[in-house]
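Listed here are the chains, written in short residue letters.
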Amino acid sequence: MEITVGDTAVRITSPNRPLWKDGDAVITKLDLARYYDAVSEPLLRALRDRPTTLQRWPHGVLVDGEFGESFYNKHLPKGAPAYVDSVEITFPSGRTGIQVCPTNAATILWAANLGCVTFHPWPVTDRDVDRPDEMRLDLDPQPGRDFADAVEAALALRDALRTLGADPYVKTSGGRGLHIFIAIEPRWEFLDVRHAAIALGRALERDMPDLVTTAWWKEERGRRVFLDYNQMARDRTMASAWSVRSRPGAPVSMPVTWEALRNIDPAAFTLRTVPGLYAASGDPWESLGDEAFDITPLLDLWQADVDERGLGEMPFPPDYPKMPGEPPRVQPSRRKTDS
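For the structure given in this document, a descriptive report is provided here. Remember, it's a predicted structure, so these values are computed and weren't measured experimentally. (Residues numbered from 1 in each chain as written. Predicted model: local features only at pLDDT ≥ 70, side-chain atom pairs only at ≥ 80, totals over all residues. Heavy atoms only, no water.)

## Brief notes about the nonpolar core
In terms of nonpolar packing, the biggest core is built from 92 residues, with Tyr-36, Met-135, Ile-180, Val-244 and Leu-261 touching the most fellow members. Among the elements that take part in this core, helix H4 (residues 147–163) stands out by supplying 8 residues, more than any other. Not counting residues within four places of it along the chain, the set of residues in contact with Ile-180 comprises Met-135, Arg-136, Leu-137, Leu-139, Ala-154, Leu-157, Leu-161, Pro-168, Tyr-169, Val-170 and Trp-258. Counting residues in each nonpolar core, the second largest holds 8 residues, with Ile-89, Trp-122, Val-124 and Val-129 among its members. (Core = buried A, V, L, I, M, F, W, Y, C linked by side-chain atoms within 4.5 Å. Buried < 20%, exposed > 50% of the residue type's maximum accessible area, 1.4 Å probe, protein only. Helix = DSSP H or I, 4+ residues; strand = E, 2+ residues; numbered from the N terminus. Contact = heavy atoms within 4.5 Å.)

Structure representation (structure tokens):
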């Protein structure tokens, strides 16, 4: 069958293939495509002109209690139609690749037909793929903490950012956590923006040491909310706003207002419910990007941490090459044993 988007007819093959199946509850590939058709306008706003990794589950996400196999499609799939635009990006290894760069809603439906459940856009646009125009922060409650704790950390982070003149936006992760996005001036490279995220996380950690941690190693996080600064490392991406997540019930990473944050249930945002919510209330993130934040105050805070507190570089993701100034990439308990 076909779904027409604008002037483009996008073919949906095997539309009745179950992607989620739990007893009599079934979500098919056609359901996924129709969902993305319903939210294509705000989703395209989140993806437009951005290199985007496609998280694909071609044979189903969760069927009869068994998770299928997925992969992250970081390169433009062969045979992509002419309306699918692309851009060259550079990975941490120095290798380059050609990645999907959505510029129209038809691309979203085409990706859904490939089994793309979740879209992972880079925090850059095709105008400059080496300088982020968004700073993204991931608040991840560790065991012993829950969504309400992530909310408290997010509200404190919002207040700190507003004090500096930034305009942060918040969304559910599709799980127990929260994602915060800030439009920034695209003047700095990934390493600088990552340092700004580290500085912000450390400041929040000092203010709320029992609630927030920036500890990279899980054994050091304790019962706190982890602020994942490495989401600003090159080639690290978050699920976009409006993306479906590959979890039971097909939850959605849902943009919300700060005013509503304390009263929401993240489990209420699913592939089934979100189209109606969007139709009724619109896009809380429509103005994201209207004003760009100058991260200089955060870079000054990073430098003050280095000069006055003796703090330096933090561990990078494990697939990164060894980076200048990086501490040993070995979890602390093993480091002590080895020594």
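## Things to note about the sheet that holds strand E12 (residues 134–141)
In space, the 6 strands of this open sheet follow the order E15-E16-E12-E14-E13-E17, with mixed pairing throughout. Single-partner strands in this sheet number two, and they are strand E15 (212–213) and strand E17 (255–256). As paired elements, strand E13 (residues 169–172) and E17 share 2 bridges and run antiparallel to each other. Across the sheet, residue Lys-171 finds its bridge partner in E17, namely Pro-255. Set on the sheet, H4 makes contact with E12, strand E14 (178–183), E15 and strand E16 (225–228); between it and E14 the angle comes to about 15°. Sheet strands in contact with helix H5 (residues 190–207) are E12, E15 and E16, and its direction is about 40° off that of E12. (Pairing = 2+ DSSP bridges. Axes fitted to C-alpha atoms, helices over the stretch in contact; angles between N-to-C directions.)

## Things to note about the packing of aromatic side chains
Applying the stated criterion to the full structure yields 9 aromatic pairs. A cation sits over an aromatic face here: Arg-221 above Phe-226, 3.7 Å from the ring centre. (Phe/Tyr/Trp six-rings, centres within 6.5 Å; stacked < 30°, edge-to-face > 60°. Lys NZ or Arg CZ within 6 Å of the ring centre and 35° of its normal.)

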